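Per-entry structural report
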Amino acid sequence: MSRDGQIMLALLAAALAAPFVIYPVFLMKLLCFALFACAFNLLLGYTGLLSFGHAAFLGTAGYIAGYAVKVMGFTPELGILAGTATAALLGFVFGSLAIRRAGIYFAMITLALAQMVYFLCLQFKFTGGEDGLQGVPRGHLFGVLDLQQPFIMYYFVLAVCAAGFLIIYRAIHSPFGQILKAIRENEPRAISLGYDVGRYKLLAFVLSAALSGLAGATKTLVFQLASLTDVHWHTSGEVVLMTLLGGMGTVFGPIAGAAIVVSLQNYAAQLGEWVTVITGAIFVICVLAFRRGVIGELAAYLNEAKKSNP
């Protein structure tokens, strides 16, 4: 078995046992943000596209899933699918506009579009405005499993996030993923080889948006709430931070980054605004001392150790 396979099995075993030791709601939040970070990493780490508007997909999917379940009477799984599909459609619109530009112009277009979504979510009545969409019922999965039970809800979230992670893993280890890496490393050369770079960028953008939406829709069911926080630009900044802290362009880096940031927000909440200062200090240290992120540096160290001790 490959090293990645061994790590995935170890993570899965830890995740299965974790709710018996750690508060399940915290773990579910961590899983949702880990999937969000992995989806963002597919775009930044493997395609080289820096989006500052990914909160739009997380939050929009959350609102749609919450509305579908609470008002339209959808089952939880259908609500999540509705939110994910909406995020994918929004990603197609964003991507079609943004991929026409590169670099900082691409990032600014995504930020501007995301701010438009934030304004719409603030104005629309069905979102609840500043109060958010509250009281979203978790319901019964497939009409049988009561998601009000913390452990059942946790293992459902684990299954959803594991499925999303496997989709990302399969994508980056497929010919499609190799083309994305080629675009990231040398876009003119990828064009000269005959690849339709614009189409591949758009596909990566839509896939990243859909998986971000999957995380957002699932998060809404966990907290039974969809709020403006999820579509705010701060959330877009947080996912960038998670990806860079863990290791951009690595398989497991975003998971580690999400764990660091979410743990700080949860366990250091009593420090108030100092949480932001501490997070910023960790980010600065990481940039100065661990340019490849926590997992990136660890992988590089293990590779060097393997070469020196064959």
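Please refer to the structure higher up on the page.
In this convention, every chain numbers its residues from 1, walking through the sequence in written order. In keeping with the model being predicted, local features are shown solely for residues with a pLDDT of at least 70 and side-chain atom pairs are shown and tallied solely at 80 or more, while totals for entire chains, interfaces and linings include all residues. In computing side-chain properties, one takes all heavy atoms of the structure into account and sets aside hydrogens as well as water.

1. Section: the overall build of the protein
A run of DSSP states H or I qualifies as a helix once it reaches four residues; a run of E qualifies as a strand once it reaches two. Both are numbered from the N-terminal end. Along the backbone of the protein there are 13 helices and 4 strands. Our radius of gyration is a C-alpha quantity, and the globule rule it is checked against amounts to 2.2 Å times the number of residues to the power 0.38. The C-alpha atoms of the protein give 19 Å as radius of gyration, which agrees with the globular expectation for 310 residues (19 Å, within 12%). In terms of overall dimensions, the protein has a C-alpha envelope of 55 × 45 × 40 Å along the principal axes. Burial classification: accessible surface area is computed with a 1.4 Å probe over protein chains only, and a residue below 20% of its type maximum counts as buried, one above 50% as exposed, and the rest as partly exposed. Burial status across the protein gives 47% buried among its 310 residues. Residue contacts are counted whenever heavy atoms from the two residues lie within 4.5 Å of one another. Partitioning the contacts of the protein with sequence separation of at least 6, the portion at a separation of at least 24 is 76%.

2. Section: the pattern of salt bridges
Only one rule defines a salt bridge in this text: a Lys or Arg side-chain nitrogen within 4 Å of an Asp or Glu carboxyl oxygen. What the rule picks out here adds up to 3 salt bridges. The residue Arg-184 makes a salt bridge to Glu-185 at a minimum N-O spacing of 2.8 Å. Under the relative-accessibility criterion, Glu-185 is labelled exposed at 57%. The residue Lys-201 makes a salt bridge to Glu-187 at a minimum N-O spacing of 3.0 Å. Of the two residues, Lys-201 sits in helix α9 (residues 197–223) while Glu-187 sits in helix α8 (residues 187–192), which places them 14 residues apart along the sequence. Take Lys-201: its relative accessible area is 6%, and that puts it in the buried class.

3. Details of helix α7 (residues 175–185)
Here α7 has its buried residues at Phe-176, Gly-177, Ile-179, Leu-180 and Ile-183. The arc enclosing the buried residues of α7, seen along the axis, measures out at 160°, which places them on a common side. Exposed and facing more than 90 degrees away from the buried side of α7 are Pro-175 and Glu-185. Among the structural elements, α2 (24–47), α6 (150–172), α8 and α9 are those in contact with the buried residues of α7. What the arc measures is the spread of directions leading from the helix axis to the C-beta atoms.

4. Some remarks on the side chain of Ser-51
By the secondary structure assignment, Ser-51 is in the loop between α2 and α3 (55–70). Assessed through its relative accessible area of 1%, Ser-51 is described here as buried. Any pair of N or O atoms that falls within 3.5 Å is considered a polar contact. Within protein, one atom must be able to donate a hydrogen and the other to accept it, and sequence-neighbouring residues count only if both atoms are side-chain atoms. Of note is the side chain of Ser-51, whose polar atom sits 3.2 Å from the backbone nitrogen of Gly-53. For Ser-51, the side chain forms a polar contact with the side chain of His-54, separated by 3.1 Å. Dropping the residues within four chain positions of it, Ser-51 is found in contact with Phe-40, Leu-43, Phe-106, Thr-110 and Val-240.

5. Things to note about a nonpolar patch on the surface
Together, Phe-20, Val-21, Ile-22, Tyr-23, Phe-151 and Tyr-267 line one region of the surface with nonpolar side chains, adding up to about 700 Å² of accessible area. Structurally, Phe-20 is set in the loop between α1 (3–17) and α2. On the accessibility criterion, Phe-20 (61% relative accessible area) is exposed. Put simply, a patch holds well-exposed residues, over 30% relative accessible area, that have no salt bridge, with like charges counted together within 9 Å and Val, Leu, Ile, Met, Phe, Trp or Tyr side chains within 5 Å. Method for areas: the Shrake-Rupley scheme with a 1.4 Å probe, in which residue coverage is limited to the protein chains shown.

6. Concerning the state of the cysteines
By convention in this document, the label disulfide applies to cysteine sulfur atom pairs within 2.5 Å. Scanning the entire structure with this criterion turns up 0 disulfides. Left unpaired, Cys-32 is separated from the closest cysteine sulfur, that of Cys-161, by 4.8 Å. Looking at Cys-161, the relative accessible area reads 7%, which means it is buried.

7. Re empty space enclosed by the protein
Only protein atoms enter the 1 Å grid used here, on which a cavity is any set of points holding a 1.4 Å probe that cannot leave and a pocket is any open set flanked by protein within 12 Å on both sides along at least five of seven lines; residues with an atom within 4 Å of a point are listed as lining. Grid points are joined across faces, edges and corners, and a volume is the space filled by probe spheres set on the points. Counted under the stated rule, the structure contains 1 cavity of 30 Å³ or more. Each pocket or cavity is described by its volume, and for the largest cavity that value is around 40 Å³. Cys-38, Asn-41, Tyr-46, Phe-165, Ile-168, Tyr-169, Ile-172, Thr-250 and Val-251 together form the lining of the largest cavity. Looking at the lining of the largest cavity, the elements with two or more residues in it are α2 and α6. The leading source of residues in the lining of the largest cavity is α6, at 4 residues. We call Asp, Glu, Lys and Arg charged. Ala, Val, Leu, Ile, Met, Phe, Trp, Tyr, Cys and Pro are nonpolar, and the rest, Gly among them, are polar. Of the residues assigned to the lining of the largest cavity, the class counts are 7 nonpolar, 2 polar and no charged.

8. Overview of the packing of aromatic side chains
Stacked, tilted and edge-to-face are the three classes assigned to paired rings of Phe, Tyr and Trp, where Trp is represented by its six-membered ring and a pair needs centres within 6.5 Å; plane angles under 30 degrees give stacked, over 60 edge-to-face, the rest tilted. The tally for this structure, following the rule as stated, stands at 12 aromatic pairs. Between Phe-20 and Phe-151, the aromatic rings sit 5.3 Å apart at their centres with planes inclined by 40°, giving tilted as the arrangement. Of this pair, Phe-20 sits in the loop between α1 and α2 while Phe-151 is found in helix α6, placing the two residues 131 residues apart along the sequence. For Arg-199, the ring lying beneath its charged end belongs to Tyr-200, and the centroid distance is 5.1 Å. The criterion for a charge sitting over a ring is simple: Lys NZ or Arg CZ within 6 Å of the ring centre, and within 35 degrees of the ring normal.

9. Brief notes about the side chain of Asn-41
Assignment of secondary structure puts Asn-41 in helix α2. For Asn-41, a relative accessible area of 2% translates into the label buried. In this view, Asn-41 contacts Tyr-46, Thr-243, Gly-247, Met-248, Gly-249, Thr-250 and Pro-254; residues no more than four positions away in its chain are not counted.

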